[in-house]
Amino acid sequence: IAAKKKAKNASFAAGAAEADATKPPEDEHVGLREAVPILAKNLDYILLVYGYAMYTFVLGAIAVWVIAMLMYGPLKMSQAGASILLGSVVAITGMAGSIIGGVAVDKLGGSQGNMGTYKCAVFCSIMMAISIPCGLVALVFQAHLGVFIAFFVVSVLCLFAVTAPVNSSILTVV
């Protein structure tokens, strides 16, 4: 197991070294014309940004459709009640998730090179692995307000927890 882990880390480090070779020196100013081709060759950057765009799309879908689901679905909530519920969940989980993600970045060393970025990616994967099933359970049991709220809160909390690690990873790979 240790040999596999060492080989995996070496492979990751080799990919990181290749990405570092395309970077300009840190003290050099790079204009937009020079920066775009450099970023276009940085696969880590491209994958992180595409993943972050998909994450933003999911949050937008939640913001648009949850109120309608609460109003016209089995709960038949008023617009004010649905808005207050969604706003409360998003405000509380947004703050808590961002703090959890920021602490995770600090504990995992996410701003300290490629291995920290890798650890943050694993953290983000774990958060998504928790968020998606909880979101599905919330949808399936939307007729039961308590069950819906509990699983929806966990799902959205995990979504917000990836914000700091993803931002740290993007800044590290650039």
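See above for the structure.
Residues numbered from 1 in each chain as written. Predicted model: local features only at pLDDT ≥ 70, side-chain atom pairs only at ≥ 80, totals over all residues. Heavy atoms only, no water.

For the rest of this paragraph, the subject is the nonpolar core. Ranked by size, the top nonpolar core spans 26 residues in total, and within it Leu-70, Phe-148 and Phe-152 carry the most contacts. Among the secondary structure elements, those contributing two or more residues to this core are helix H3 (43–72), helix H4 (79–108), helix H5 (113–140), helix H6 (145–161) and helix H7 (163–173). With residues up to four places along the chain from it excluded, the contact list for Leu-70 reads Leu-75, Lys-76, Met-77, Ala-82, Leu-85 and Phe-148. (Core = buried A, V, L, I, M, F, W, Y, C linked by side-chain atoms within 4.5 Å. Buried < 20%, exposed > 50% of the residue type's maximum accessible area, 1.4 Å probe, protein only. Helix = DSSP H or I, 4+ residues; strand = E, 2+ residues; numbered from the N terminus. Contact = heavy atoms within 4.5 Å.)

A word on the packing of H5 against H6. For the pair H5 and H6, interaxial distance at closest approach is 8 Å and the crossing angle is 155°. Classified by the angle between their axes, H5 and H6 sit roughly antiparallel to one another. H5 and H6 meet at a crossing whose hand is left-handed. Two secondary-structure elements touch here, H5 through Phe-123, Met-127, Met-128, Ile-130, Ser-131, Cys-134, Gly-135, Val-137 and Ala-138 and H6 through Phe-148, Phe-151, Phe-152, Val-154, Ser-155, Cys-158, Leu-159 and Ala-161. (Axes fitted to C-alpha atoms, helices over the stretch in contact; angles between N-to-C directions. Parallel < 35°, antiparallel > 145°, perpendicular 65-115°, else oblique. Left-handed = near helix turned anticlockwise from the far one by under 90°.)

All told, the structure shown has two aromatic pairs when counted by the stated rule. Ring geometry for Tyr-52 against Tyr-55: centres 5.4 Å apart, planes inclined by 5°, an arrangement best described as stacked. Here Tyr-52 and its partner Tyr-55 are both found in helix H3, three residues apart, which amounts to about one turn of the helix. Pairing Phe-148 with Phe-152 gives two aromatic rings, centres 5.2 Å apart and planes at 10°, and the pair type is stacked. With Phe-148 and Phe-152 both in helix H6, this residue pair falls four residues apart, about one helical turn. A residue is classified by how much of its surface remains accessible, and Phe-152, at 9% relative accessible area, is buried. (Phe/Tyr/Trp six-rings, centres within 6.5 Å; stacked < 30°, edge-to-face > 60°.)

Together, Val-122, Ile-126, Ile-130 and Val-154 make up a nonpolar patch on the protein surface, roughly 280 Å² of accessible area in all. No other element matches the three residues that H5 contributes to the nonpolar patch. By secondary structure assignment, the location of Val-154 is in helix H6. Residue class for Val-154 comes out partly exposed when judged on its relative accessible area of 34%. (Patch = residues over 30% accessible without salt bridge, like charges linked within 9 Å, V, L, I, M, F, W, Y side chains within 5 Å. Areas by Shrake-Rupley, 256 points an atom, 1.4 Å probe, with all protein chains shown as cover. Salt bridge = Lys/Arg side-chain N within 4 Å of Asp/Glu carboxyl O.)

A few words on the state of the cysteines. Put plainly, two cysteines are in a disulfide when a covalent bond ties their sulfur atoms together. Inspection of the entire model under this criterion finds zero disulfides. Looking at the unpaired Cys-158, the closest cysteine sulfur is the one in Cys-134, lying at 6.4 Å. What makes Cys-158 buried here is its relative accessible area of 6%. (Disulfide = S-S within 2.5 Å.)

The subject of this paragraph is the packing of H6 against H7. At a closest axis distance of 5 Å, the pairing of H6 and H7 adopts a crossing angle of 20°. The angle between H6 and H7 places the two elements in the roughly parallel class. For the pair H6 and H7, the contacting residues are Leu-159, Phe-160 and Ala-161 in the first and Thr-163, Ala-164 and Pro-165 in the second. Broken down by class, the residue content of the contact of H6 with H7 amounts to five nonpolar, one polar and no charged. (Nonpolar A, V, L, I, M, F, W, Y, C, P; charged D, E, K, R; others polar.)

A few words now on the environment of Leu-47. Of note, Leu-47 is situated in helix H3. Judged by relative accessible area, which is 54%, Leu-47 ranks as exposed. Taking the C-alpha atoms as reference, Leu-47 lies 9.6 Å from Ile-170; in sequence the two are 123 residues apart.

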